[in-house]
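Descriptive analysis of the structure
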Amino acid sequence: MVLEKVKELFPEAEVDRRLVSGLLCGSAAALLMFKWMNQIRVQKKLDEFKTKREHGFQRMEKAAKQFKQQNPGIKAAPILSLSLVELTAKLKDGSLSPESVLYSYMEKALAVTREINCVTDFLPECEEQLREIKNREKGLLYGVPVSIKENVACKGYPNSLGLVKFLDSPEHDDSVIVKVLKKQGAIPFVKTNTSQAILNIDCGNTVFGQTLNPFNHKKSSGGSSGGEAALIGGGGSVLGIGTDVAASIRVPCGFCGICGFKPTGYRVSVKGVTTPVAGMNSVISVTGPMARDVDSLVLCMKALLCDEMFSLDPAVPPLPFNDKIYLNTCPLRIGFYDGDGYFQPSPSMRRAVQETKKLLQEAGHTLIPFTPPRIDFLVDELFTKGLYADGSSTLLEKFRQQCGIESTFHSYFLQRLIRWLKLLL
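An unreviewed UniProt entry annotates the protein as Fatty-acid amide hydrolase 1 of Pseudonaja textilis. Per UniProt, the protein has the following entry under Sequence similarities (unreviewed entry): "Belongs to the amidase family."

Encoded structure:
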């Protein structure tokens with residue numbers, strides 16, 4: 001077959017079968033060699049990054065240990081047991097120092113990640129920021145250590161999304177949400193793990209490995225903000241920032257027994273937040289807080305919705321948190337559904353909705369059942385086609401450097417399958 005094609009290309013020339021066979025074998029050998037060398041190069045990059053990551057953890061351990069030796073009277077357990085609201089009150093009145101809080105959470109976060117692998121990077125700049133906040137006005141989150149999801153930019157660290165391709169591309173500036181947190185006195189101290197390309201509800205990738213559930217190591221922490229949920233659920237952080245397109249905050253919060261909030265699109269800035277594909281205008285990614293309780297989420301939203309965010313990102317509507325509406329005790333009319341007509345809910349999900357409905361009704365609110373309109377159109381046309389409009393070519397390019405690494409195979413195969421189906425259909 002190949003020989004006939006060669007004859008068609010060179011009809012007047014004498015074609016030597018051995019020459020053609022040699023060329024074909026040589027090309028195949030060169031291709032295999034190229035793939036083998038690429039795999040070695042990728043593995044070398046991964047090994048170097050893992051070494052760098054471990055050095056960060058060792059630095060984290062050394063700093064926490066040194067503070068503990070210098071301050072033997074400070075006990076971590078009472079600090080770690082405080083809610084965010086209680087913690088901020090004690091930091092502001094001076095009964096707790098920012099140092100004691102930061103190093104207590106640093107030590108705990110390290111212990112948690114050694115067990116369940118949820119932290120991707122230690123941010124040593126937090127120690128410098130610790131000194132800086134004492135010379136500034138105390139914001140709403142003064143002295144609070146905050147964990148940040150891996151795809152939310154912190155200057156000097158890559159938003160890799162668990163992809164080897166981006167390990168050598170550190171961010172040149174903080175994301176807007178990190179800048180606002182710092183303005184409010186918060187101290188970002190670690191970044192946390194995510195699913196590969198933040199496109200599924202598990203939490204594992206080629207670069208950082210698999211994150212486990214803090215309560216059952218045989219279970220997943222959920223995703224894609226699974227590192228955040230696992231760290232907070234395990235007690236290693238009091239407040240975190242995640243991102244959400246299709247439940248990437250809400251699913252891991254449910255899996256890890258904490259609270260999370262997905263704001264309305266564009267309510268909180270996403271400048272400096274990396275998404276798997278550019279555009280995504282019909283599938284909007286948002287940033288939101290994750291914490292142990294609802295009061296913590298409220299405090300975080302109050303801190304974020306400030307003039308600093310509105311000036312740094314003009315795309316965010318300049319609407320501060322409305323305490324009057326939040327504290328209003330008038331009965332509400334609340335719509336609910338326990339099935340959307342597209343995805344089949346598990347019995348536990350349906351039961352949770354019905355139990356919540358009953359509690360709200362007992363509290364005096366009116367519950368109105370409804371069905372989401374045009375759900376097939378929303379899922380098939382806006383979500384699926386919006387996310388994979390290019391036949392997954394963008395995602396495939398990002399995965400390409402990782403071919404041959406076992407943990408990437410399923411994600412890579414899924415994107416290839418979508419592309420093949422689009423060509424067929």
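Back to the write-up after that little detour.
1. With respect to the sheet that holds strand 1 (residues 119-122)
One open sheet holds the six strands; their spatial order is 1-3-2-6-8-7, and the pairing between them is mixed. Since the sheet does not close on itself, it has two edges, and those belong to strand 1 and strand 7 (259-260), each with one partner. Sheet topology places strand 1 next to strand 3 (residues 187-192); three bridges connect them, and they run antiparallel. Directly across from F122, in strand 3, lies its bridge partner V190. Its contacts with the sheet place helix 7 (residues 176-183) against strand 2 (145-149), strand 3, strand 6 (239-244) and strand 8 (286-291), and it is angled at close to 180° to strand 2.

2. Brief notes about the pairing of strand 3
In terms of burial, strand 3 is a largely internal element, six of the six residues being buried. In terms of strand pairing, strand 2 meets strand 3 through five bridges, oriented parallel. By the bridge assignment, V146 is partnered in strand 3 with P188.

3. Here we look at the nonpolar core
Ranked by size, the top nonpolar core spans 70 residues in total, and within it L87, L141 and L304 carry the most contacts. In terms of residue count, helix 5 (residues 98-116) provides more of this core than any other element does, nine residues in total. In this structure L87 touches I79, L82, L96, V101, Y105 and V238, once residues within four positions along its chain are discounted. One finds L161, A197, V277 and V283 within the second-largest nonpolar core, a separate group that totals 11 residues.

4. What about the packing of helix 5 against helix 6 (residues 125-132)?
Axis separation between helix 5 and helix 6 bottoms out at 10 Å; the angle between their running directions is 165°. Taken together, helix 5 and helix 6 sit at an angle that is classed as roughly antiparallel. Helix 6 is crossed by helix 5, and the crossing has right-handed handedness. On helix 6, the residues touching P98, E99, L102, Y103 and M106 of helix 5 are C126, E127 and L130. When grouped by side-chain class, the residues that make up the contact of helix 5 with helix 6 number six nonpolar, no polar and two charged.

5. Describing the side chain of K191
By secondary structure assignment, the location of K191 is in strand 3. As a buried residue without a salt bridge, K191 has its nearest oppositely charged side chain in E150, at a separation of 5.3 Å. A polar side-chain atom of K191 sits 3.0 Å from the main-chain carbonyl oxygen of E150. Within the structure, K191 has its side chain in polar contact with the backbone oxygen of V152 (distance 3.0 Å).

6. As for helix 10 (residues 294-304)
For helix 10, the tally of buried residues reaches eight of 11 residues, placing the bulk of the element in the interior. Those residues of helix 10 not exposed but buried are S296, L297, V298, L299, C300, M301, A303 and L304. Sitting at the amino-terminal end of helix 10 is D293, which places a side-chain oxygen 3.3 Å from the backbone nitrogen of D295.

7. Some details on the packing of helix 4 (residues 84-93) against helix 10
Orientation of helix 4 relative to helix 10, taken along the N-to-C sense of each, is 55°, at an axis distance of 8 Å. Our classification of the angle between helix 4 and helix 10 gives oblique. Taken together, the residues of helix 10 that come into contact with helix 4 (itself represented by L84, V85 and T88) are D295, S296 and L299. Across the contact of helix 4 with helix 10, the residue classes tally to three nonpolar, two polar and one charged.

8. What to know about helix 8 (residues 226-233)
Since the α-helix advances by 3.6 residues per turn, residues separated by three or four positions end up pointing in the same direction. Where burial is concerned, most of helix 8 is hidden: eight out of the eight residues are buried. For helix 8, every residue scored as buried is listed here: G226, G227, E228, A229, A230, L231, I232 and G233. A positive backbone phi angle near 90° is found at G235, which sits one or two residues after helix 8.

9. So, the packing of aromatic side chains
Within the structure shown, the criterion is met by five aromatic pairs. Ring centres of F321 and Y326 lie 5.6 Å apart, and the angle between their planes is 65°; this geometry places the pair in the edge-to-face category. Residue Y326 is classed as partly exposed on the basis of its relative accessible area of 39%. Between the aromatic rings of Y337 and F370, the centroid separation amounts to 5.3 Å while the plane-to-plane angle is 90°, which identifies the pairing as edge-to-face. Linking Y337 in the loop between strand 9 (333-336) and helix 13 (347-362) with F370 in the loop between strand 10 (366-369) and helix 14 (375-387), this pair joins segments that are 33 residues apart in sequence. We classify F370 as partly exposed; its relative accessible area is 40%. Looking at R374, its charged tip hangs above the ring of F377, at a distance of 4.3 Å from the centre.

10. Overview of the pattern of salt bridges
Taken as a whole and judged by the stated rule, the model has 11 salt bridges. Between K68 and E107 there is a salt bridge whose closest N-O contact spans 3.1 Å. In this pair, K68 is assigned in helix 2 (residues 17-70) and E107 in helix 5, connecting sequence segments 39 residues apart. The residue K134 makes a salt bridge to E99 at a minimum N-O spacing of 2.1 Å. With K134 in the loop between helix 6 and strand 2 and E99 in helix 5, this pair connects stretches of sequence that are 35 residues apart.

What counts, and at which threshold
Residues numbered from 1 in each chain as written. Predicted model: local features only at pLDDT ≥ 70, side-chain atom pairs only at ≥ 80, totals over all residues. Heavy atoms only, no water. UniProt positions renumbered as here; feature names shortened; annotations may be inferred. Pairing = 2+ DSSP bridges. Helix = DSSP H or I, 4+ residues; strand = E, 2+ residues; numbered from the N terminus. Contact = heavy atoms within 4.5 Å. Axes fitted to C-alpha atoms, helices over the stretch in contact; angles between N-to-C directions. Buried < 20%, exposed > 50% of the residue type's maximum accessible area, 1.4 Å probe, protein only. Core = buried A, V, L, I, M, F, W, Y, C linked by side-chain atoms within 4.5 Å. Parallel < 35°, antiparallel > 145°, perpendicular 65-115°, else oblique. Left-handed = near helix turned anticlockwise from the far one by under 90°. Nonpolar A, V, L, I, M, F, W, Y, C, P; charged D, E, K, R; others polar. Lys, Arg positive; Asp, Glu negative; His and termini not counted. Salt bridge = Lys/Arg side-chain N within 4 Å of Asp/Glu carboxyl O. Polar contact = N/O pair within 3.5 Å; in protein donor to acceptor, adjacent residues only side chain to side chain. Phe/Tyr/Trp six-rings, centres within 6.5 Å; stacked < 30°, edge-to-face > 60°. Lys NZ or Arg CZ within 6 Å of the ring centre and 35° of its normal.

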